[in-house]
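# Fold and contact review
Read off the chains here:
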Amino acid sequence: MLSRLVLRAAPAALRALPPPVAVGVLHTTRPLHTTQQSLAPVPPLPEKGGEVRHGLIPEEFFQFLYPKTGVTGPYMLGTGLLLYLLSKEIYVVNHETAAAACILTVIVYGVKKFGPDVAAFADKLNEEKVATALAVKNEAIQTLQTAIEDEKKEQWRVEGHSYLFDAKRNNVAMLLEANYRERLMMVYSEVKKRLDYQVAMQSLKRQKEQDHMIQWVEKNVVQSITPQQQKESIAKCILDLKALSKSAHAAV
Amino acid sequence: LPAAVLLKDTKLMDVKLGQLGSWLAMRDYSPSGILGAMRRGYDRYYNKYINVRKGGLGGISMVLAGYVVLSYAWSYSHVKHDRWRKYH
């Protein structure tokens, strides 16, 4: 509808433009649909058809003659017409007339007797058809409404997305923090290992030096013990042992 | 002053007797015109008597009666021989 308003206003606006521009734009602003287009909703079927009297003559004929001839006019016309056709033998009475009379009697009797039942049956069939169509329509409307509900719910859910993203962001930050600390720990342990190694190396070196020095001193001392000194020390030890044994004997 | 309706656009029931000849002459007798007229007639009859919720017997009985009358008219030259009297 608004586009129609724009379309109506466009030609007036176009005249203000210089001619070459107007010509180039003209073919898009010609109003395309000027009548009210509406294919839906389709108008419902009329309830009853046109009135027909005696199953043969539409009611409009009787209404047409009523102002001039009253109620009996068409019947008079019919009688006169029939007598004219019979007397001038435009309608000839022959064997076919008898056949027609029998057939018409049977038909009229059948219609009068079984008409309402057949009509009710046909109406029931129609009702079922209409009911199924209506059910389909209602179901379609229902599905569309549930779709609308779901859509609204989705829109409501989108509002909650911010919380979801905050939680996810927190998760990621926590992962990063944990990872950082883990690496920090690894760095610390590595550095400590290296430092321990150095310390161990140093202590080992010192120990080795000490041992080596002790050994060297011992070796030198042993070397320096001359045989003379060895004899003297052994004699001294024997004397000491004797003294000790004596004191031990005395104690026992 | 009411706007004068062209003779071409008047319906048959509104045409005066004197104008009937010129009205008939103005109708469209090309094949597409005739087909269009038949389609219009059929649609009018169908939508009035058959395409309704509770259709009655009149809808088809009128068609059958028309068929009976038409077939009698086409076979009149054959029926003429069964006449009871020669002079009417």
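Because the structure is a prediction, the values reported are computed rather than measured. (Residues numbered from 1 in each chain as written. Chains lettered and ligands numbered in written order. Predicted model: local features only at pLDDT ≥ 70, side-chain atom pairs only at ≥ 80, totals over all residues. Heavy atoms only, no water.)

## Section: the overall build of chain A
Along chain A, the regular secondary structure elements total seven helices and two strands. N-terminal to C-terminal, the α/β element order of chain A is α-α-β-β-α-α-α-α-α. Residues classed as buried in chain A amount to 6% of the 252 residues present. For chain A, the accessible area works out to roughly 22700 Å², and carbon and sulfur atoms hold 67% of it. (Helix = DSSP H or I, 4+ residues; strand = E, 2+ residues; numbered from the N terminus. Buried < 20%, exposed > 50% of the residue type's maximum accessible area, 1.4 Å probe, protein only. Areas by Shrake-Rupley, 256 points an atom, 1.4 Å probe, with all protein chains shown as cover.)

## Structural notes on the overall build of chain B
On a plain count of helices and strands, chain B comes out with four helices and zero strands. Each helix and strand of chain B, ordered N terminal to C terminal, gives the series α-α-α-α. Expressed as a percentage of its 88 residues, the buried residues of chain B come to 15%.

## Some remarks on the pattern of salt bridges
Taken as a whole and judged by the stated rule, the model has 13 salt bridges over all chains. A salt bridge links Lys-48 of chain B to Glu-60 of chain A, with the shortest nitrogen-to-oxygen separation between them at 2.6 Å. One end of the pair, Lys-48 of chain B, is in helix α2 (residues 31-50); the other, Glu-60 of chain A, is in helix α3 (residues 59-69), on a second chain. Here Lys-48 of chain B falls in the partly exposed class, since its relative accessible area comes to 32%. (Salt bridge = Lys/Arg side-chain N within 4 Å of Asp/Glu carboxyl O.)

## Quick word on a nonpolar patch on the surface
A contiguous nonpolar surface patch, about 690 Å² in accessible area, is contributed by Leu-56, Ile-57, Phe-61, Phe-64 and Leu-77 of chain A together with Leu-12 and Met-13 of chain B. Of note, Phe-61 of chain A is situated in helix α3. Its relative accessible area of 34% is what places Phe-61 of chain A among the partly exposed residues. (Patch = residues over 30% accessible without salt bridge, like charges linked within 9 Å, V, L, I, M, F, W, Y side chains within 5 Å.)

## As for the UniProt feature "transmembrane region" (unreviewed entry) in chain B
The UniProt feature table records "transmembrane region" (unreviewed entry) at residues 56-76 of chain B. Annotation note: span residues 56-76 of chain B, helix share 86%, strand share 0%, distance between end C-alpha atoms 31 Å. (UniProt positions renumbered as here; feature names shortened; annotations may be inferred.)

## As for the interface of chain A and chain B
Between chain A and chain B, the contact holds 26 residues from the first and 20 residues from the second. Carbon and sulfur atoms supply 53% of the area that chain A and chain B bury against each other, a total of about 2000 Å² over both sides. By the criterion of area lost to chain B, the three top residues of chain A are Leu-45, Glu-47 and Glu-89 of chain A, representing 24% of everything that side buries. At the surface where chain A touches chain B, the tally comes to three salt bridges. Glu-47 of chain A is the partner of Arg-53 of chain B in a salt bridge, and the nearest nitrogen-oxygen pair spans 3.6 Å. Counting across the interface, chain A meets chain B through 14 residue pairs in polar contact (both at pLDDT 80 or more). Broken down by secondary-structure element, the contributors of at least two residues to the side of chain A that touches chain B are α3 and α5 (95-159) of chain A. (Contact = heavy atoms within 4.5 Å. Buried area = accessible area lost by both parts, 1.4 Å probe. Polar contact = N/O pair within 3.5 Å; in protein donor to acceptor, adjacent residues only side chain to side chain.)

## Topic: the layout of surface pockets
In this approach the atoms are scanned with a rolling probe the size of a water molecule, which exposes any empty space left behind. All names here are of chain B. Looking at the second largest pocket, its volume works out to about 400 Å³. Taken together, Lys-8, Asp-9, Thr-10, Lys-11, Leu-12, Met-13, Trp-23, Arg-27, Ala-37, Arg-40, Gly-41 and Arg-44 make up the full set of residues lining the second largest pocket. With four residues, α2 is the single largest residue contributor to the lining of the second largest pocket. Here the residues of the lining of the second largest pocket sort into four nonpolar, two polar and six charged. (1 Å grid on protein atoms, 1.4 Å probe; cavity = no way out; pocket = protein on both sides within 12 Å on 5 of 7 lines; lining within 4 Å. Points joined across faces, edges and corners; volume = space filled by probe spheres on them. Nonpolar A, V, L, I, M, F, W, Y, C, P; charged D, E, K, R; others polar.)

## Here's the deal with the side chain of Glu-59 of chain A
All names here are of chain A. Looking at the secondary structure, you find Glu-59 in helix α3. For Glu-59, a relative accessible area of 17% puts it in the buried group. Not counting residues within four places of it along the chain, the set of residues in contact with Glu-59 comprises Glu-51, Val-52 and Arg-53.

## Observations regarding the packing of α3 of chain A against helix α4 (residues 73-87) of chain A
Residue and element names in this part refer to chain A. At their nearest, the axes of α3 and α4 sit 8 Å apart, and the two run at 105 degrees to each other. Classified by the angle between their axes, α3 and α4 sit roughly perpendicular to one another. When α3 is examined against α4, the residues Phe-61, Phe-62, Leu-65 and Thr-69 are found in contact with a partner set consisting of Gly-73, Pro-74, Tyr-75 and Leu-77. Across the contact of α3 with α4, the residue classes tally to six nonpolar, two polar and no charged. (Axes fitted to C-alpha atoms, helices over the stretch in contact; angles between N-to-C directions. Parallel < 35°, antiparallel > 145°, perpendicular 65-115°, else oblique.)

## Structural notes on the packing of aromatic side chains
Here the structure, examined in full by the defined rule, presents six aromatic pairs over all chains. For the ring pair Phe-62 of chain A and Tyr-75 of chain A, a centre distance of 5.6 Å and an interplane angle of 55 degrees mean the geometry is tilted. Residue Phe-62 of chain A is located in helix α3, and its partner Tyr-75 of chain A is located in helix α4; the two are separated by 13 residues in the primary sequence. Judged by relative accessible area, which is 5%, Phe-62 of chain A ranks as buried. With a centroid separation of 5.8 Å and 15 degrees between ring planes, the pair formed by Tyr-42 of chain B and Tyr-46 of chain B is classed as stacked. Taken as a pair, Tyr-42 of chain B and Tyr-46 of chain B lie in helix α2 at a separation of four residues, close to a single helical turn. Take Tyr-42 of chain B: its relative accessible area is 48%, and that puts it in the partly exposed class. Using a relative accessible area of 31% as the deciding quantity, one classes Tyr-46 of chain B as partly exposed. (Phe/Tyr/Trp six-rings, centres within 6.5 Å; stacked < 30°, edge-to-face > 60°.)

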